[in-house]
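# Structural description and commentary
These are the residues of each chain, in order.
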Amino acid sequence: MALELAFIPRRFLWFILAHHFIVVTACQEADYAQLIEDYCLSQFKFDMEVIGQTLWCDWDQTIGSYGELTNCTLLIAKKLNCFWPNQLVDEFFIAIHKHYFKNCSLSGRSLHDPPNNILCPFLVVPILITLLMTALVVWRSQQSEGIV
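So, a few notes on the structure that sits alongside this text. These numbers come from a predicted model, not from an experiment.

## Here's the deal with the overall build of the chain
Along its length, the chain carries five helices and zero strands. Taken from N to C terminus, the helices and strands of the chain fall in the order α-α-α-α-α. Expressed as a percentage of its 148 residues, the buried residues of the chain come to 18%. Long-range contacts, defined here as pairs at least 24 residues apart, represent 69% of the contacts in the chain between residues at least 6 apart. Entry remark: accessible area of the chain is about 12300 Å², with carbon and sulfur atoms responsible for 66%.

Next up, the structure:
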C-alpha cells in the first residue's frame, strides 16, 4: 500500500503536465471563429458582391472565391493548431451555402419538368402495358382448356 501511495504524486504530476499540454496546444475555437469571420468571410463577401447575385449559381464564376475561402479556413486552422475540417468549419460553410447558394441546383441550372412530348411516353407506355397484362391474365384465367 505504501508503494501505491508513492506512485500517486507521480501520476498526479503526469496528469497536470498532460492537462497543461492539452490546454496550450488545443484549438482556441473562439479565436478561430473570429479570424475566419474577419479574414475569410470578409474577402468572400467582397468577391461575391463583385460577381453579382445573378451569377452566384454559376460555378465557373464562384469556384475561385469558394476555393480561396476554403484555403483561408484551412490556413488559419493550421496556424491555431486546430483540426480541419471541424464542426465550426462545417457550420460556417452551411451558413455560407444557406445565404449564397440556397437557390442553386446541384448542376447550376434551374430544375424544371421536361417537355410534354418527352414526358407523355414515359407515363403512357407503362400504363398501357399494365392494362394489357391485366387483360391478358383475366382472359387466360377464363380459358380452362389446356390447363392441367
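After presenting the structure, the write-up continues.
## Focus: the side chain of threonine 73
Summarising the element assignment, threonine 73 is placed in helix α3 (residues 59-79). When sequence neighbours within four positions are dropped, the list of residues in contact with threonine 73 reads Tyr32, Ile36, Cys40, Trp84, Phe92 and Phe93.

## Section: the packing of aromatic side chains
The description of an aromatic ring pair rests on the distance of the ring centres and on the angle between the ring planes. Using the criterion set out here, one finds seven aromatic pairs in the structure. Residues tryptophan 56 and tyrosine 100 carry aromatic rings whose centres are separated by 4.8 Å and whose planes lie at 65 degrees to one another, so their mutual orientation is edge-to-face. With a gap of 44 residues between them, tryptophan 56 in the loop between α2 (29-51) and α3 and tyrosine 100 in helix α4 (residues 87-100) connect regions that are remote in the sequence. Each member of the pair, tryptophan 56 as well as tyrosine 100, carries the same accessibility label: buried. An aromatic cluster is present here, built from Phe44, Trp56, Trp59, Tyr66, Phe92, Phe93, Tyr100 and Phe101 joined pairwise through their rings.

Rules of the game
- Residues numbered from 1 in each chain as written.
- Predicted model: local features only at pLDDT ≥ 70, side-chain atom pairs only at ≥ 80, totals over all residues.
- Heavy atoms only, no water.
- Helix = DSSP H or I, 4+ residues; strand = E, 2+ residues; numbered from the N terminus.
- Buried < 20%, exposed > 50% of the residue type's maximum accessible area, 1.4 Å probe, protein only.
- Contact = heavy atoms within 4.5 Å.
- Areas by Shrake-Rupley, 256 points an atom, 1.4 Å probe, with all protein chains shown as cover.
- Phe/Tyr/Trp six-rings, centres within 6.5 Å; stacked < 30°, edge-to-face > 60°.

Nothing here speaks to function; it is geometry throughout.
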